[in-house]
Structures are given as structure tokens and as C-alpha cells.
Amino acid sequence: TIRIFDSEDERTHVLRGHTSAVLSVTWCPDGKRVASGGADQTIRIFDVTRTVIMQKNDGHGGYITSKSWSYDGKYLVTGSVDQNIRVWDASL
């Protein structure tokens, strides 16, 4: 579970979906999405405003330890303890 506090309206947005620990979270440059990676070996892209999963990606054989968005938010690069780096199409 990811909890994001919005200081403007003092609301907490709760993002659910991972089946085990969330290890990292990264904001998209558009400010509307976050990507998370976890011990469940999945990457999830959430719409923060609507608190829904927009995309779920499987493909790593280990914990997801790092993520980075492309400058335009179209791609997400992830790294894992499986020693692989993957590039995902994050455009919707």
C-alpha cells in the first residue's frame, strides 16, 4: 500500500495493488502518475487522482529496486535484483 498526502487539500490518497512490500515509488514528470516497484516482482503505474492502477507489468525475476521515467513520461526504466534492466511503454 502506498499513501500520498496532498498538502493542498489535506487528503491522503491510498494506492493499493502490490501483494507484498513496496520498495520504491517514483513520480512521473506529468505529476499525475506514480510508478511503484515491489517485492512481488511487479511494476504498477497508478493514476494518483483517481487512485486506480493504470498499468501492471510483470517480467522481472526479483525485487524491483529502482525506476526512472523518461522526460516525457512515455517510458519507464526499471532495475531489479535479477540483474536486468527493462524499458516499459508507459504511454496510455
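See above for the structure.
This text gives an overview of the structure that appears in the document. Once a new chain begins, its residue numbering starts again from 1 and follows that chain's sequence as written. Since the coordinates come from a predicted model, pLDDT governs what is reported: local features require at least 70, and pairs of side-chain atoms require 80 or more to be given and counted, while whole-chain, interface and lining totals use all residues. Here the side-chain values reflect all heavy atoms present in the structure, with hydrogen atoms and water set aside.

Some remarks on the nonpolar core
Nonpolar core, defined: a set of buried Ala, Val, Leu, Ile, Met, Phe, Trp, Tyr and Cys residues in which side-chain atoms within 4.5 Å join the residues together. For each residue, the accessible area found with a 1.4 Å probe, counting protein chains only, is set against the maximum for its type, and the residue is called buried under 20%, exposed over 50%, and partly exposed in between. Counting residues in hydrophobic clusters, the biggest one holds nine residues: C28, A35, I43, I45, I64, W69, L76, W88 and A90. The way it works is that DSSP assigns letters per residue, a run of H or I at least four long becomes a helix, a run of E at least two long becomes a strand, and they are numbered from the N terminus. Of all the secondary-structure elements, those providing two or more residues to this core are β5 (42–47) and β7 (64–69). Leaving out residues up to four positions away in the same chain, I45 has contacts with R33, V34, A35, V52, I53, M54, Q55, W69, L76 and A90. Within the second largest apolar cluster, six residues are counted, among which are I2, L15, F46 and V48. By the convention used here, residues are in contact when the closest approach between their heavy atoms is within 4.5 Å.

Structural notes on a nonpolar patch on the surface
Within this analysis, patches are made of residues with over 30% relative accessible area and no salt bridge. Like charges are joined at 9 Å or less; nonpolar side chains (Val, Leu, Ile, Met, Phe, Trp, Tyr) at 5 Å or less. Throughout, the Shrake-Rupley method with a 1.4 Å probe supplies accessible areas, and for residues the shown protein chains are the sole cover considered. Take a side-chain nitrogen of Lys or Arg and a carboxyl oxygen of Asp or Glu: if they are within 4 Å of each other, that pair is a salt bridge. A cluster of nonpolar side chains, contributed by Y75, V77, I85 and V87, occupies part of the molecular surface with about 400 Å² of accessible area. Of all the secondary structure elements, the ones that give two or more residues to the nonpolar patch are β8 (75–80) and β9 (85–89). Topologically, V77 is positioned in strand β8. Among the residues examined, V77 registers a relative accessible area of 33% and is labelled partly exposed.

Concerning the environment of R44
Positionally, R44 belongs in strand β5. Residue R44 is classed as buried on the basis of its relative accessible area, which comes to 7%. Here the alpha-carbon distance between R44 and D58, two residues 14 residues apart in the chain, equals 9.0 Å. Leaving out residues up to four positions away in the same chain, R44 has contacts with G17, H18, V34, A35, S36, I53, Q55 and K56.

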